Structures are given as structure tokens and as C-alpha cells.
Amino acid sequence: MESQTTDPDSSASRQDAYAALRVRAFRRFFSGGLLSVLGMQMQTVAVSWLLYEKTGSAWSLANVGLVQVAPMLGLALLAGQAADRFDRRKLLMGSTVLAILSALGLATVSWFEGSPAFVYTCLFLSGTARAFQGPARSALLPQLVPREAFGNSVKWSISGFELSSMIGPALGGFLIDWSRGATAVFLLAAFGSLFYFLMLSTLEKRAYIAEQTAPEKATTGLQNLVAGFKYVRHNNVLLAAMTLDLFAVLLGGAVAMLPIYAKDILHVGPRGMGWMQAAPSLCAVTMALLTTHLPPFRKAGRTLLWAVAGFGVATIIFGLSRNFWLSMAMLFLTGAFDNISVVIRHTLSTMLTPDEMRGRVSAINGMFISASNELGRFESGSVAALFTPLISVVSGGIGTILVVGAVALGSPRLRQYGSLDGKD
């Protein structure tokens, strides 16, 4: 991976690594999101462990992804349109209330030892919340900071996400083991979403509706609903980057197999699973904090391709490993490679999209992310159930590398894309 080299007198070398954090609105948005994601990551570990303990079946883990991705895909277009037509802050607050109700429902199911069907019902509600949260959050962020600080805000947002993703699983695994159950984890997840709601409520009111500044561009009906698809389809760089994410992460979903690896292969229990779940984010947050102090990648397109290929290689080695520390090392590397690709994809998506389209394009991006993450869980669990966990993970890593090769050959514009600051 290459980063832009600069001389001591260049503007890039004097960039303010804390520009976004100096904006009060962003600090509140950032801190609320930090606790919200922390709770969500804890909840993810708790749900996987709870279901696998109840059923002992890889299919139960596969269904976690399927149940959550259904509303995220089915409602994505409506959510994107809503983010471009209504108050993005209020839309985000409303969907966060759904996340609170979902976490409280899971706590109730855990406490009363309800059936897996009730767990899946709560997860469906959580997926509905996330369907609306994604476009609203992504479209709101550029309006909280000055344009010159936006790139910095993306890096800090991703750093916060990775920090929460690092602490959340480890803390969740510890609490499950300490409390002999998942109820406390779900209650803390509800508190994290509640704090996010309160932080959003303190943001100043502003003109969040992009169409207010360009009413002549506003349309209604199906044409407006699918405008995001048309925009992405005609932007070769965006389409290639999203396709890369969709298929690479869809096939490389080793994280879905962690309960099986922790319990049956590496024999490290729920605490070990928590640490393994946290490992990718531990390295990712280090990488994210490092990139906030560095200039933009000079050859972003090539860097993205190499990062996803590295993710695939690390996934293959993890699948073959029977040593806990080697497995941890490979999970560390997947976090580093994934962070690089996320920073590049998210920055490209926002930079190449006009404000009045950001909600809908973000919804399309969210559909790709949801499909890759949640359907990836279903794919990994299904292959593991039909064959073995080793075949599931290793074949996914090989598939990831093949996808990188196909995208590299099919999108020369992505290969040739330069700096993320648009200067070369």
C-alpha cells in the first residue's frame, strides 16, 4: 500500500489531524455513534453465542445473517429516498428507537430463555433499524463539518467504529462468561443506542433536506426511488468499488464461523471468541488512527485492490490454522486490510456523489455492505453445515482473491484512480 509522499512545506504535511473533532456537532455525533456501535458489537457476539448454545447448529448462525439482511435490502431504496427528502437527524433518531426496542426484546428473550424464533424476530427489527440508520447517518455526516474537514471526519468515524468493534466483542464475551448469560449484554446494547439518541437530539436544527436548495430537481415515484441505482451504474469507479466489497466480503465471511472455531476447533470458549471477534478491529483501529495523521493514499484504486486481496490471503490462513495465536494474527491482518478498503470506499462514495443524491447512493452502498456482511454469514454458515467450517472459510478466501482479479481486469478506471484528495 502506498501513501502520498510530501515535502515538509506542503499543505498535506501540515494537515490538521483533529480538524473534525474541533467541531462540536461532530463530537456529539461521534461519541453517540461510538457507544451505539459498541453495544451493537456486543449484541452480535451475544446473539451468535446464544443461538449456537441453544441449537449447536451452523444453520442457526447462517440464519442470523439472513434474517437481518432481508429488511436491510428490502427497505434500502425507501430508506435512501427518505434520507434525501426528510430531516436526516430525526430519521436517524427514529431508527435508533427501533434499535433500542430490538435490544430490549433480546434481553427479554435471554432472561426468560425464549425460543430461537423470538431471537430472530428481534433481529429482524434490528435489521429494519439499520436499514434506515445507514443512509441517514452517511448523508448527515457531510453536513456536520466543513468540506475541508470531511475526509478527516470519515477517518475519525471509521476509527470510532473500529474502536467500538474492538472493545465490544471482547467485553461481550467477558460479560457472557462472567454473568453466565447474555441478558446483561443486551441491556448494555440498549443503553448504547439510547445514548446515541440523546446525542442526536442535541444537534442544532439545520436544512437537512438537500432538495430545498434545488426544488426543480426533486422528482417523485419510481424514478426518484431508483435514481441511486442509475447514478452508481453510470459511475464506473463507484460501481467497481461496491462490487468488490459485495462479492469479496460475501465470500470472505470467516467471522461468522467464530463460535464454531472458538468452541469446537480452538477450544477457547466465549472469552476466546470475544477476543477473536475483537482482533480485526484491534488492528483496524490502529490503522485508522494512523491514517488520520497521514496524507491521502496516492494510488487509492490500486491500494483498494491490494488490500482486499490481502484480506483474502489472511482469511485462507485463518481457516487452515489450528493455533490460537496464529488465528489471532490472521484476524489482526484482516482488520488492517479491511480498514484500508473501508476508508477508500467510503471517501470515494461521498466525494463522487452530489449532496442531493447522497441518501440514495448511501442506501445503495448500504445494500452492498448488508449483502456482503449478512449474506456472507448465511453463505459461510450454509457451506459449513453442508461441508465443514474449514472448507467454508478457505473457499471464501480463495473466492475473494478471484473477485479482486476480476474487478481489476474489468475496471481499469479503478486501477488508475489517484489520490483521495483529488489533486492527482
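Cut-offs used in this document
- Residues numbered from 1 in each chain as written.
- Predicted model: local features only at pLDDT ≥ 70, side-chain atom pairs only at ≥ 80, totals over all residues.
- Heavy atoms only, no water.
- Core = buried A, V, L, I, M, F, W, Y, C linked by side-chain atoms within 4.5 Å.
- Buried < 20%, exposed > 50% of the residue type's maximum accessible area, 1.4 Å probe, protein only.
- Helix = DSSP H or I, 4+ residues; strand = E, 2+ residues; numbered from the N terminus.
- Contact = heavy atoms within 4.5 Å.
- Polar contact = N/O pair within 3.5 Å; in protein donor to acceptor, adjacent residues only side chain to side chain.
- Expected span 1.5 Å × (residues − 1).
- Bend = angle between axes of the 7 residues up to and from the residue.
- Phe/Tyr/Trp six-rings, centres within 6.5 Å; stacked < 30°, edge-to-face > 60°.

## Here's the deal with the nonpolar core
By size, the foremost hydrophobic cluster in this structure holds 41 residues, and its most contacted members are Val47, Val119, Leu123, Phe186 and Met276. Looking at which element gives the most residues to this core, the answer is helix H1 (residues 24–55), with 9 residues. Excluding its chain neighbours within four sequence positions, the residues that come into contact with Phe186 are Gln43, Ala46, Val47, Leu50, Ala103, Leu106, Ala107 and Ser110.

## Comments concerning the environment of Leu305
As for its placement among the helices and strands, Leu305 is situated in helix H13 (residues 300–320). Here Leu305 falls in the buried class, since its relative accessible area comes to 8%. Here the alpha-carbon distance between Leu305 and Gly405, two residues 100 residues apart in the chain, equals 8.4 Å. Setting aside its immediate chain neighbours within four residues, Leu305 contacts Leu244, Val404, Val407, Ala408, Leu414 and Arg415.

## Overview of the side chain of Ser321
Residue position: Ser321 is located in the loop between H13 and helix H14 (324–351). Look at Ser321 and you get buried, because its relative accessible area is 3%. Among the polar contacts listed, one links the side chain of Ser321 to the backbone oxygen of Asn323, at a separation of 3.0 Å. The contact partners of Ser321, leaving out residues within four places of it in the chain, are Tyr261, Leu266, Leu326 and Ser327.

## Digging into helix H5 (residues 116–140)
In this model H5 runs 36 Å from its N-terminal to its C-terminal C-alpha over 25 residues, within 8% of the 36 Å that 1.5 Å per residue would give. Largest kink in H5: about 25°, centred on Gln133, with the proline Pro135 one to four residues after it.

## What to know about helix H4 (residues 88–111)
Each α-helix turn comprises 3.6 residues. Residues three or four places apart therefore point the same way. With 24 residues, H4 ought to run about 34 Å at 1.5 Å a step, and its terminal C-alpha atoms sit 35 Å apart, in line with that. The first or second residue beyond H4 is Glu113, which carries a positive phi of 55°.

## Observations concerning the side chain of Ser153
Assignment of secondary structure puts Ser153 in helix H6 (residues 150–179). Residues in contact with Ser153, not counting those within four places in the same chain, are Ala20, Phe26, Leu141 and Val145.

## Notes on the packing of aromatic side chains
Ring pairs (aromatic) are described by centroid distance and by the angle formed between their planes. Counted under the stated rule, the structure contains 5 aromatic pairs. With a centroid separation of 5.7 Å and 25° between ring planes, the pair formed by Phe26 and Phe30 is classed as stacked. Residue Phe26 and its partner Phe30 are located together in helix H1, separated by 4 residues, close to a single helical turn. Judged on exposure class, the residue Phe26 and its partner Phe30 are both buried. Measuring from centroid to centroid gives 4.9 Å for Tyr261 and Phe318, while their planes differ by 35°, and the two rings are tilted. In this pair, Tyr261 sits in helix H11 (residues 258–265) while Phe318 sits in helix H13, placing the two residues 57 residues apart along the sequence.

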